[in-house]
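If you want the building blocks of each chain, they are given just below.
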Amino acid sequence: MQEKRKGLNTICTHIGELRDETFKGAVSPLYMSTSYAFEDVEVKRYPRYFNTPNQQALGEKIAALEKAEAALIFGSGMAAISTSLLAFLRAGDHVVMQNMLYGGTYNLVIKHFEDFGIEYTLTDGLEPEDFEKEIKENTRVIYVETPSNPLLTLTDLSRIAEIAKKYKLVSMIDNTFASPVNQTPIDFGIDIVIHSATKYMGGHSDICAGAVASTAENMERIFKMGIALGGSLSDYTVWLLERSLKTMGLRVRAQNNNAQKLAEYLDIHEDIEQVYYPGLTSHPGHALAARQMHGFGGMMSFELNKGLDAGIFMKALRLIKPSMSLAGVESTVLSPAKTSHALMPPEERAKQGISDRLIRFSLGIEEAEDLMADIDQALERTKKTASLVDSENY
Ligand SMILES: *Cc1c(COP(=O)(O)O)cnc(C)c1O
């Protein structure tokens, strides 16, 4: 009989933990050894082989979180992404990827795939049909990110999985924005789930790591490419990541709650033009998000009213920090037009709905009321500057 699957926070705290048989300590012991015996052992262990005790323990936890048979831990999200893609794509193969990709993935594809002889197409939109119509004879992989960055657009995962089955493709998702707390894509038939564990899994803005989860068979293939490319994570960081994951359920659910409260607050705020958050009933992906996500997530974007300068606004914030990354316990904001989408021509940005007044907001675990107050004081100061500029002009 199969044992009943444990609940989220039980998996986070316990699954995969190593027992300290010697001292009976409460947490997994850390094995820093990079050199293990080769004789009279079942497994020949070596850090780059993803099989040290701590690497395997954490792999078990992440596999359980993603309802996968197996998982591997990588040195960064990009190591996880590049290894997974290269494990399934050979020279002459083709991959269909969405147009609004994470910047690092976009860079890998457009700068390097041609040299490897790997063909790619970026879709025009994020509907399943947009992916299907790009499939060719030599397509092997279909790759999605949902919710997307920065506008939190949703793509229907069961339909992507259906398309992958129909054309015998391997489906991959970058599940970083949702985290396994809010989305478990294997439920919908997606084959391979990838994370930048630098984000929600780490959760404290102090760990760089990645993870991939799938069937044992797929993971064997990713493992073979992984030992060749050498992107495994050091055991000390693996151990820190295990510690972080214990509170992932608590953190992410608190971040979801904050995002919902702030989205509702900003949605009716007189200084805010538009809010993009799947938890708002007005969001075009709301019904789909309710179906395929366990929570609406801790990421949102909002656009200031015309005449308000996003740069001034972000500098005026006192609690919320302008920051490149996301998903930490502290709230952060970022300007996509100045960072992730800076290289995109302004007309193309405008077409995608990314204006200079758009702000991406990663909710932390602070009290929602304090975040609202911080935004309000920053808006007041931004408006004063705006009226000063206006009075100088007239
Ligand atoms: C940060 C991020 C990555 C890359 O992860 P690193 O850990 O920085 O290599 C990939 N995808 C998404 C969605 C991310 O936010």
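See the structure printed just above.
Right, let's walk through the structure included here. Keep in mind that this is a model prediction, so the values were computed, not measured. (Residues numbered from 1 in each chain as written. Predicted model: local features only at pLDDT ≥ 70, side-chain atom pairs only at ≥ 80, totals over all residues. Heavy atoms only, no water.)

**Section: the packing of aromatic side chains**
- Scanning all chains against the criterion turns up eight aromatic pairs.
- Ring geometry for Phe50 and Phe223: centres 6.3 Å apart, planes at 65 degrees, overall edge-to-face. With Phe50 in the loop between α1 (8–14) and α2 (53–65) and Phe223 in helix α8 (residues 216–229), this residue pair connects regions lying 173 residues apart in the sequence.
- Owing to a relative accessible area of 21%, Phe223 belongs among the partly exposed residues under this scheme.
- Ring pairing ties together the aromatic residues Tyr46, Tyr49, Phe50, Phe74 and Phe223, which thus form one cluster. (Phe/Tyr/Trp six-rings, centres within 6.5 Å; stacked < 30°, edge-to-face > 60°. Helix = DSSP H or I, 4+ residues; strand = E, 2+ residues; numbered from the N terminus. Buried < 20%, exposed > 50% of the residue type's maximum accessible area, 1.4 Å probe, protein only.)

**Some details on the environment of Ser331**
- Here Ser331 is to be found in the loop between β10 (321–322) and β11 (332–334).
- Look at Ser331 and you get buried, because its relative accessible area is 1%.
- Once the C-alpha coordinates of Ser331 and Pro147 are considered, the two residues, 184 residues apart in sequence, prove to be 19 Å apart.
- Beyond its immediate sequence surroundings of up to four residues, Ser331 is in contact with Ile320, Lys321, Phe361, Ser362, Leu363, Gly364, Glu366 and Leu371.
- Separated by 2.8 Å, the side chain of Ser331 and the backbone nitrogen of Gly364 make a polar contact. (Contact = heavy atoms within 4.5 Å. Polar contact = N/O pair within 3.5 Å; in protein donor to acceptor, adjacent residues only side chain to side chain.)

**Side note on the layout of surface pockets**
- Here the largest pocket is characterised by a volume of approximately 490 Å³.
- The wall of the largest pocket is formed by 25 residues, among which Tyr102, Gly103, Gly104, Lys199 and Leu326 lie closest to the centre.
- Listed by contribution, the elements that provide at least two residues to the lining of the largest pocket are α3 (77–88) and α4 (103–116).
- Ranked by residues supplied to the lining of the largest pocket, first place goes to α3 with three residues. (1 Å grid on protein atoms, 1.4 Å probe; cavity = no way out; pocket = protein on both sides within 12 Å on 5 of 7 lines; lining within 4 Å. Points joined across faces, edges and corners; volume = space filled by probe spheres on them.)

**Comments concerning the site of the ligand**
- Around the ligand sit 13 residues, and of these Gly77, Met78, Asp174, Thr198 and Lys199 come closest.
- Here an oxygen atom of the ligand sits 2.8 Å away from a polar atom, N or O, in the main chain of Met78.
- Contacts to the ligand include Ser196, whose side-chain N or O atom sits 2.9 Å from an oxygen atom.
- Structurally, the ligand is housed in the largest pocket.
- The element best represented in the shell around the ligand is α3, accounting for three residues.
- Counted by class, the shell around the ligand contains six nonpolar, five polar and two charged residues. (Near = heavy atom within 4 Å. Sits in = over half its atoms within 2 Å of the grid points. Nonpolar A, V, L, I, M, F, W, Y, C, P; charged D, E, K, R; others polar.)

**Looking at the packing of α3 against α8**
- Contact geometry for α3 and α8: axes closest at 9 Å, N-to-C directions at 115 degrees. Between α3 and α8, the angle falls in the class roughly perpendicular. Viewed along their axes, α3 and α8 form a crossing whose handedness is right-handed. Along its contact with α3, which presents Thr83, Ser84, Leu86, Ala87 and Phe88, the element α8 presents Asn218, Arg221, Ile222, Met225, Gly226 and Leu229.
- Classifying every residue of the contact of α3 with α8 by side-chain character gives six nonpolar, four polar and one charged. (Axes fitted to C-alpha atoms, helices over the stretch in contact; angles between N-to-C directions. Parallel < 35°, antiparallel > 145°, perpendicular 65-115°, else oblique. Left-handed = near helix turned anticlockwise from the far one by under 90°.)

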